[in-house]
Amino acid sequence: MFRIGTGYDVHRLVKERELILGGVNIPHETGLLGHSDADVLAHAIIDALLGAAALGDIGVHFPDTSSKYKDINSLELLSITGNLLQQNKYIISNIDATIIAQRPKMRPYIEEMRKNIANTLSINLEQINIKATTEEKLGFTGHEEGISSTASALIYKERI
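1. Some words on the overall build of the chain
Link 1 in the chain: Helices and strands together make up the secondary structure of the chain, namely five helices and seven strands.
Link 2 in the chain: Traced from its N-terminal end to its C-terminal end, the chain shows the element sequence β-β-β-β-α-α-α-β-α-β-α-β.
Link 3 in the chain: In terms of overall dimensions, the chain is globule-like: its C-alpha atoms have a radius of gyration of 15 Å, near the 15 Å expected for 160 residues.
Link 4 in the chain: C-alpha extents for the chain along the principal axes are approximately 50 × 35 × 25 Å.
Link 5 in the chain: Here the chain, with 160 residues, has 49% of them falling under the buried criterion.
Link 6 in the chain: In the chain, once contacts between residues fewer than 6 apart in sequence are set aside, the share between residues at least 24 apart is 71%.
Link 7 in the chain: When the accessible surface of the chain is split by element, carbon and sulfur atoms take 50% of a total near 8,200 Å².
Link 8 in the chain: Side chains of the chain carry 16 positive and 20 negative charges; the gap between the two charge centres is 4 Å.

Have a look at this one:
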């Protein structure tokens, strides 16, 4: 039985923070504010995977009220999520994600993001797609106030 999940995350851009997306540190004058490293791409993928497996959401498993997750690398959270899916006998079929940001341009970093996520989840590179878009200077992402990401994940139950 196939199951699909969707995820969404957004964080505010601020000075004196690193911009980390898909585990890649992207040179930029601002970074994302959050309890963890604020990697919106990883967070959206986590929510998509948890949603597909009906295992709650990122806030249930990694609450921003816990000092345990303060400034944590979000790929670590993604790894824990992947292990949780394995424990529940789910296999990832594929993940498709979109980063929404006016700047910086994401194209130069997307392949490294794909590799990081594929390696973290122990899946093939062909199972992960990442794309980026702007909002033509509209809304909070267009005004460069923040960056958001969406993700969809298709999983299925391991045959026993």
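2. Re the nonpolar core
Link 1 in the chain: Counting residues in hydrophobic clusters, the biggest one holds 45 residues, and the most contacted among them are Ile45 and Leu49.
Link 2 in the chain: Secondary-structure elements contributing two or more residues to this core are β2 (19-21), β3 (24-26), α1 (40-52), α3 (74-87), β5 (90-100), α4 (110-121), β6 (128-133) and β7 (146-157).
Link 3 in the chain: It is α1 that provides the largest number of residues to this core, a total of nine residues.
Link 4 in the chain: Look past the residues within four positions of isoleucine 45 in its chain and what remains in contact with it is Leu78, Ile95, Ala97, Ile117, Ile128 and Ala151.

3. Examining unusual backbone geometry
Link 1 in the chain: The peptide bond linking arginine 103 to proline 104 adopts the cis configuration, its omega dihedral lying at -10 degrees.
Link 2 in the chain: With a phi close to 60 degrees, aspartate 71 is a non-glycine residue in the positive phi region.
Link 3 in the chain: Mapped onto the elements, aspartate 71 comes out in the loop between α2 (58-61) and α3.
Link 4 in the chain: Owing to a relative accessible area of 48%, aspartate 71 belongs among the partly exposed residues under this scheme.

4. Describing α4
Link 1 in the chain: Helix length check: α4, at twelve residues, gives a terminal C-alpha distance of 16 Å against a target of 16 Å (1.5 Å per residue), a fit within 8%.
Link 2 in the chain: Within α4, the full set of buried residues consists of Ile110, Met113, Arg114, Asn116, Ile117, Ala118 and Leu121.
Link 3 in the chain: Check the buried side of α4 and you find it contacts β2, β3, α1, α3, β5 and β6.
Link 4 in the chain: Looking one or two places after α4, you find serine 122, whose phi comes out positive at around 55 degrees.

5. A short note on α3
Link 1 in the chain: Compared with an ideal rise of 1.5 Å per residue, which puts 14 residues at 20 Å, α3 spans 20 Å between its outermost C-alpha atoms and is within 8% of the ideal.
Link 2 in the chain: Those residues of α3 that sit buried are Ser74, Leu75, Leu77, Leu78, Thr81, Gly82, Leu84 and Leu85. Burial along α3 is one-sided: seen end-on, the buried residues are contained in an arc of 165 degrees.
Link 3 in the chain: Residues of α3 that are buried in the fold lie against α1, α2, β5, α4 and β7.
Link 4 in the chain: If you check the start of α3, you find a side-chain oxygen 2.8 Å away from the backbone N of leucine 75, and it comes from asparagine 73.
Link 5 in the chain: Lysine 89 occupies a position one or two residues after α3 and carries a positive phi of about 65 degrees.

6. Looking at the side chain of threonine 30
Link 1 in the chain: Mapped onto the secondary structure, threonine 30 falls in the loop between β3 and β4 (31-32).
Link 2 in the chain: Apart from residues lying up to four places away in sequence, threonine 30 is in contact with Leu13, Val14, Lys15, Arg17 and Leu19.

7. Focus on the sheet that holds β6
Link 1 in the chain: Judged by pairing direction, the sheet is mixed, and its five strands sit side by side in the order β4-β1-β7-β5-β6 without closing on themselves. Here the strands that pair on one side only, and so sit at the sheet edges, are β4 and β6.
Link 2 in the chain: Relative to β7, strand β1 (residues 2-14) runs antiparallel, the two sharing eleven bridges. Its bridge partner lying in β7, isoleucine 4 is registered against leucine 154.
Link 3 in the chain: Along the sheet face, α1 touches β1, β4, β5, β6 and β7 and points at about 155 degrees away from the line of β1.

About the cut-offs
- Residues numbered from 1 in each chain as written.
- Predicted model: local features only at pLDDT ≥ 70, side-chain atom pairs only at ≥ 80, totals over all residues.
- Heavy atoms only, no water.
- Helix = DSSP H or I, 4+ residues; strand = E, 2+ residues; numbered from the N terminus.
- Rg over C-alpha atoms; globule rule 2.2 N^0.38 Å.
- Buried < 20%, exposed > 50% of the residue type's maximum accessible area, 1.4 Å probe, protein only.
- Contact = heavy atoms within 4.5 Å.
- Areas by Shrake-Rupley, 256 points an atom, 1.4 Å probe, with all protein chains shown as cover.
- Lys, Arg positive; Asp, Glu negative; His and termini not counted.
- Charge placed at Lys NZ, Arg CZ, Asp CG, Glu CD.
- Core = buried A, V, L, I, M, F, W, Y, C linked by side-chain atoms within 4.5 Å.
- Expected span 1.5 Å × (residues − 1).
- Arc of directions from axis to C-beta.
- Polar contact = N/O pair within 3.5 Å; in protein donor to acceptor, adjacent residues only side chain to side chain.
- Pairing = 2+ DSSP bridges.
- Axes fitted to C-alpha atoms, helices over the stretch in contact; angles between N-to-C directions.

Remember, this is a structural readout, not a statement about activity or role.
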